[in-house]
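Notes for the structure review
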Amino acid sequence: MTSFMTKRAADNQNVIPGGDLDVNRMPAYLLFARLGKRILRPGGRRMTQRLISGLNVTELDDVVEFAPGLGATASRLLARHPRSYVGVERDKECASVATRALAWSSAASIRVGHAHQTGLEKGFASVVVGEAMLTLQTDAKKHEIVSEASRLLRPGGRYGIHELCLVPDDMPPARKHEIARELSSVLHVAARPYTVTEWSELLHLYGFNVTHSVVGKMALLNPLRIIADEGVLGAYQFARNVSKDPDAKQRLLAIRKVLESYSSEIAASYFVAEKRVS
């Protein structure tokens with residue numbers, strides 16, 4: 001399988017998006033990219049692969065991915081040889097890196113745009129994918145993005161999401177607010193995960209039937225997960241980069257502390273949903 005960065009080209013600091021930002025202020029996803037952490041999905045590489053398998057992408061599919069970042073999931077989708085793949089990425093630097101990383105596939109294209117307003121025509125896609133991005137949106141924006149996924153998909157099309165999830169399902173609102181506040185504080189980006197029921201209800205509201213959902217452990221900064229996601233060499237490079245940057249190390253420790261303090265209540269989840277036929 002083609003790695004998401006051919007020969008890890010983005011290891012060069014000059015092509016890391018946000019590389020010139022203050023470590024103490026940048027969003028966590030840019031901090032991770034700067035340090036060489038490539039897989040930023042809540043359930044890691046394995047859950048992404050299970051999501052893609054659940055979507056059953058074939059050579060007959062037209063795929064749209066929301067917020068592909070640097071192209072990690074895109075490479076896995078393209079390895080299934082869909083008829084076409086379009087990534088919609090709002091960050092121009094990320095879009096540029098992803099374009100270069102996916103140049104090996106004639107089916108792939110990346111456009112700069114927003115997930116809630118892609119500019120693509122109605123019924124353009126048979127598969128839409130979004131990972132680790134709905135969690136980082138307001139409630140209103142979540143609705144806009146899922147509505148756009150429904151607009152893009154043909155009847156019977158599949159929508160896959162991979163997001164943070166709160167457990168248990170009956171978590172008190174005050175606790176949800178507390179977790180969202182703490183996550184937003186350390187990630188430096190708004191974060192509001194939903195429970196399984198809330199994610200399912202959101203999908204159903206916009207014409208989807210959930211056909212498959214899985215909840216698993218969220219262990220983004222667990223050493224064993226890092227090795228599983230990045231490989232031994234990638235994990236070593238990540239650790240080495242962290243050791244050289246005291247400010248980044250302090251931020252990572254703060255993020256890990258919050259994740260560990262809510263480890264029994266924050267999970268990873270993915271959903272595969274089918275657009276209902278009217």
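Residues numbered from 1 in each chain as written. Predicted model: local features only at pLDDT ≥ 70, side-chain atom pairs only at ≥ 80, totals over all residues. Heavy atoms only, no water.

With respect to the overall build of the protein
- Secondary structure assignment for the protein yields 9 helices and 8 strands.
- A compact globule built from 278 residues would reach a C-alpha radius of gyration of about 19 Å, and the protein, at 18 Å, matches this within 12%.
- Each principal axis of the C-alpha distribution contributes one length, and for the protein these read about 55 × 50 × 30 Å.
- A total of 278 residues make up the protein; the buried ones form 51% of that total.
- Taking the contacts inside the protein whose residues are at least 6 apart along the sequence as the reference set, 78% of them involve residues at least 24 apart.
- Accessible area for the protein stands at about 12,700 Å²; split by element, carbon and sulfur atoms hold 53% of it.
- If you average the places of the 37 positive and of the 29 negative side-chain charges in the protein, the two averages end up 4 Å apart. (Helix = DSSP H or I, 4+ residues; strand = E, 2+ residues; numbered from the N terminus. Rg over C-alpha atoms; globule rule 2.2 N^0.38 Å. Buried < 20%, exposed > 50% of the residue type's maximum accessible area, 1.4 Å probe, protein only. Contact = heavy atoms within 4.5 Å. Areas by Shrake-Rupley, 256 points an atom, 1.4 Å probe, with all protein chains shown as cover. Lys, Arg positive; Asp, Glu negative; His and termini not counted. Charge placed at Lys NZ, Arg CZ, Asp CG, Glu CD.)

Quick notes on the pairing of strand β1 (residues 62-66)
- Within β1, 5 of the 5 residues are buried, leaving the element largely enclosed by the surrounding structure.
- What joins β1 to strand β2 (residues 84-89) is helix α3 (residues 72-78), and the crossover it makes is right-handed.
- Sheet topology note: the β1/strand β4 (residues 125-131) ladder contains 4 bridges and is parallel. In the strand pairing of β4, V63 is matched with V127. (Right-handed = clockwise from strand over helix to strand, strands pointing away. Pairing = 2+ DSSP bridges.)

A short note on the nonpolar core
- Counting residues in hydrophobic clusters, the biggest one holds 49 residues, and the most contacted among them are L31, Y85, L183 and I255.
- Not counting residues within four places of it along the chain, the set of residues in contact with L183 comprises L164, A191, P193, V258, L259 and I266.
- Judged by nonpolar contacts, the second largest core, of 24 residues, contains V128, Y159, Y194 and A273. (Core = buried A, V, L, I, M, F, W, Y, C linked by side-chain atoms within 4.5 Å.)

Re the pairing of strand β5 (residues 153-166)
- Burial analysis of β5 places 11 of its 14 residues in the buried class, which makes it a mostly covered element.
- By the bridge criterion, 6 bridges tie β4 to β5 in an arrangement that is parallel. Counterpart to V127 in the pairing with β5 is R158.
- Handedness of the crossover joining β4 and β5 through helix α5 (residues 139-152): right-handed.
- By the bridge criterion, 2 bridges tie β5 to strand β6 (residues 194-195) in an arrangement that is parallel. If you follow C165 over to β6, its bridge partner there is Y194.

A look at helix α8 (residues 223-243)
- If you check α8, its first and last C-alpha atoms are just 14 Å apart, much less than what 21 residues at 1.5 Å a residue would give, namely 30 Å.
- Considering bend angle alone, the principal kink of α8 is centred on G231 and spans about 115°.
- Of the positions making up α8, those classed as buried are R225, I226, D229, E230, G234, A235, F238 and V242.
- Two or three places before L224, at the opening of α8, N222 has a side-chain oxygen 2.8 Å from that residue's backbone nitrogen. (Expected span 1.5 Å × (residues − 1). Bend = angle between axes of the 7 residues up to and from the residue. Polar contact = N/O pair within 3.5 Å; in protein donor to acceptor, adjacent residues only side chain to side chain.)

A look at the side chain of R76
- Tracing the chain through its elements places R76 in helix α3.
- No salt bridge is formed by the buried R76; the nearest opposite charge belongs to D229, separated by 7.5 Å.
- Side-chain polar atoms of R76 contact the side chain of Q49, separated by 2.3 Å. (Salt bridge = Lys/Arg side-chain N within 4 Å of Asp/Glu carboxyl O.)

Looking at the packing of aromatic side chains
- Within the structure shown, the criterion is met by 2 aromatic pairs.
- Ring plane angle 45° and centroid distance 4.8 Å describe the contact between Y194 and W199, whose orientation is recorded as tilted.
- Taking the relative accessible area as the measure of exposure, Y194 reaches 7% and is therefore buried.
- Over the ring of Y194 we find K142, and its NZ or CZ is 4.9 Å from the ring centre. (Phe/Tyr/Trp six-rings, centres within 6.5 Å; stacked < 30°, edge-to-face > 60°. Lys NZ or Arg CZ within 6 Å of the ring centre and 35° of its normal.)

Some points on the side chain of D91
- Along the chain, the position of D91 falls in the loop between β2 and α4 (92-101).
- Here D91 is buried and forms no salt bridge, its nearest opposite-charge partner R90 lying at an N-O distance of 6.6 Å.
- Only 2.9 Å separates the side chain of D91 from the backbone nitrogen of C94, close enough to count as a polar contact.

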